[in-house]
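Tertiary structure, described
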Amino acid sequence: MNRLIVTLFLAMLFAAPARAGDVNAASCSQAAVQTAVNTAINGDRVLVPSCSPTTWTAQVVIPNTKGIALEGAGIGVTTIVDGISNASLIQLNIASGNSVSIVTGFTFDANSVSKSGTNGEIEVVGGGLNSFRIHHNRFANLRARGMVTTAGGLAVSGLIDHNTIEAPNNFSVQGITMFGA
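Source: prediction; values computed, not measured. (Residues numbered from 1 in each chain as written. Predicted model: local features only at pLDDT ≥ 70, side-chain atom pairs only at ≥ 80, totals over all residues. Heavy atoms only, no water.)

1. Quick word on the confidence of the model for the protein chain
- Of all residues in the protein chain, 89% attain a pLDDT of 70 or more, and the chain-wide mean is 88.
- Under a pLDDT of 50 for its full length, residues 4–18 has, in the predicted model, zero contacts with residues more than four places off or in other chains. (pLDDT = per-residue confidence, 0-100. Contact = heavy atoms within 4.5 Å.)

Shown next, in the form of structure tokens:
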């Protein structure tokens, strides 16, 4: 019995801690980023490389079945240009029990696109406490909204910090919009 306890103790002592993996997007294209998101599992980081400004004409959707970190190579280094008027560039679906969902390291050039409805550059949908963080991004040329949270009556909390929000002088924009119901 003592031998079993010592063996279990040693196994726990030298066991490698579980850690999230990295999934590299093949490029900055919307299709490459969505493929990497689809491949990632809860807790992974999706790394988006540096690129010249790349226009997305379709949305990247992160499902509520996993919390992942979507990381660009840095502000001014990974630049995504908005080519969508009827949806947000990124829809970050969140749910309790997942890892924290993160979006960081991007410049989002809204390209002065006028969005329909309540869309923004990043839309957080769903509920969960301490479930998301959006940080160290630049939102440029906004004509509508930068970041939008839609809780649908659910309790939600997250952190939005260290973002730069820029809009042309002649537009009234909402950098951060929160909808509860």
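2. Quick look at the nonpolar core
- Among the nonpolar cores identified, the biggest contains 33 residues, and Leu70, Ile90 and Phe108 are the most heavily contacted of them.
- Counting only elements with at least two residues in this core, the list comes to helix H2 (30–39), strand E3 (51–56), strand E4 (60–62), strand E7 (90–94), strand E10 (122–126) and strand E11 (128–135). (Core = buried A, V, L, I, M, F, W, Y, C linked by side-chain atoms within 4.5 Å. Buried < 20%, exposed > 50% of the residue type's maximum accessible area, 1.4 Å probe, protein only. Helix = DSSP H or I, 4+ residues; strand = E, 2+ residues; numbered from the N terminus.)

3. Comments concerning the packing of aromatic side chains
- Using the criterion set out here, one finds two aromatic pairs in the structure.
- Taking the centre distance of 5.2 Å and the plane angle of 25° together, the rings of phenylalanine 106 and phenylalanine 108 count as stacked.
- Looking at phenylalanine 106, the relative accessible area reads 0%, which means it is buried. (Phe/Tyr/Trp six-rings, centres within 6.5 Å; stacked < 30°, edge-to-face > 60°.)

4. Quick look at the sheet that holds strand E5 (residues 69–71)
- With respect to topology, six strands assemble into an open sheet ordered E1-E2-E5-E8-E11-E14, the strand pairing being parallel. With one partner strand each, in any of the chains shown, strand E1 (22–24) and strand E14 (156–161) form the two edges of the open sheet. Between one strand axis and the next, the sheet turns by 15° as a mean value, whatever way the strands run.
- Relative to E14, E11 runs parallel, the two sharing five bridges. Opposite phenylalanine 132, over in E14, you have glycine 158 as the bridge partner.
- In the packing of H2 onto the sheet, contacts are made with E1, strand E2 (45–47) and E5, and the angle to E1 comes to roughly 155°. (Pairing = 2+ DSSP bridges. Axes fitted to C-alpha atoms, helices over the stretch in contact; angles between N-to-C directions.)

5. Some remarks on the environment of glycine 74
- With respect to the element layout, glycine 74 can be found in the loop between E5 and strand E6 (78–82).
- Since its relative accessible area comes to 16%, glycine 74 is described here as buried.
- Linking glycine 74 and proline 49, residues 25 residues apart in sequence, is a C-alpha distance of 9.0 Å.
- Beyond its immediate stretch of four places on either side in the chain, glycine 74 contacts Gly105 and Phe106.

6. Considerations on the side chain of threonine 107
- Take threonine 107: it is sitting in strand E9 (residues 107–109).
- Take threonine 107: its relative accessible area is 3%, and that puts it in the buried class.
- In contact with threonine 107, not counting residues within four places along its chain, are Ile75, Gly76, Thr78, Thr79, Ile80 and Arg138.

7. Structural notes on the pattern of salt bridges
- Applying the stated rule across the entire model yields five salt bridges.
- Aspartate 22 is the salt-bridge partner of arginine 45, the closest N and O atoms lying 2.7 Å from each other. Of this pair, arginine 45 sits in strand E2 while aspartate 22 is found in strand E1, placing the two residues 23 residues apart along the sequence.
- For arginine 45, a relative accessible area of 32% translates into the label partly exposed.
- The partly exposed category is assigned to aspartate 22, whose relative accessible area is 37%.
- Where arginine 138 meets glutamate 166, a salt bridge forms, and the shortest distance between an N and an O atom there is 2.7 Å. Of this pair, arginine 138 sits in strand E12 (residues 138–140) while glutamate 166 sits in the loop between strand E15 (164–165) and strand E16 (174–179), and the two are 28 residues apart along the sequence.
- With a relative accessible area of 29%, glutamate 166 lands in the partly exposed category.
- One network of salt bridges, with partners in common, ties together Asp22, Arg45 and Glu71. (Salt bridge = Lys/Arg side-chain N within 4 Å of Asp/Glu carboxyl O.)

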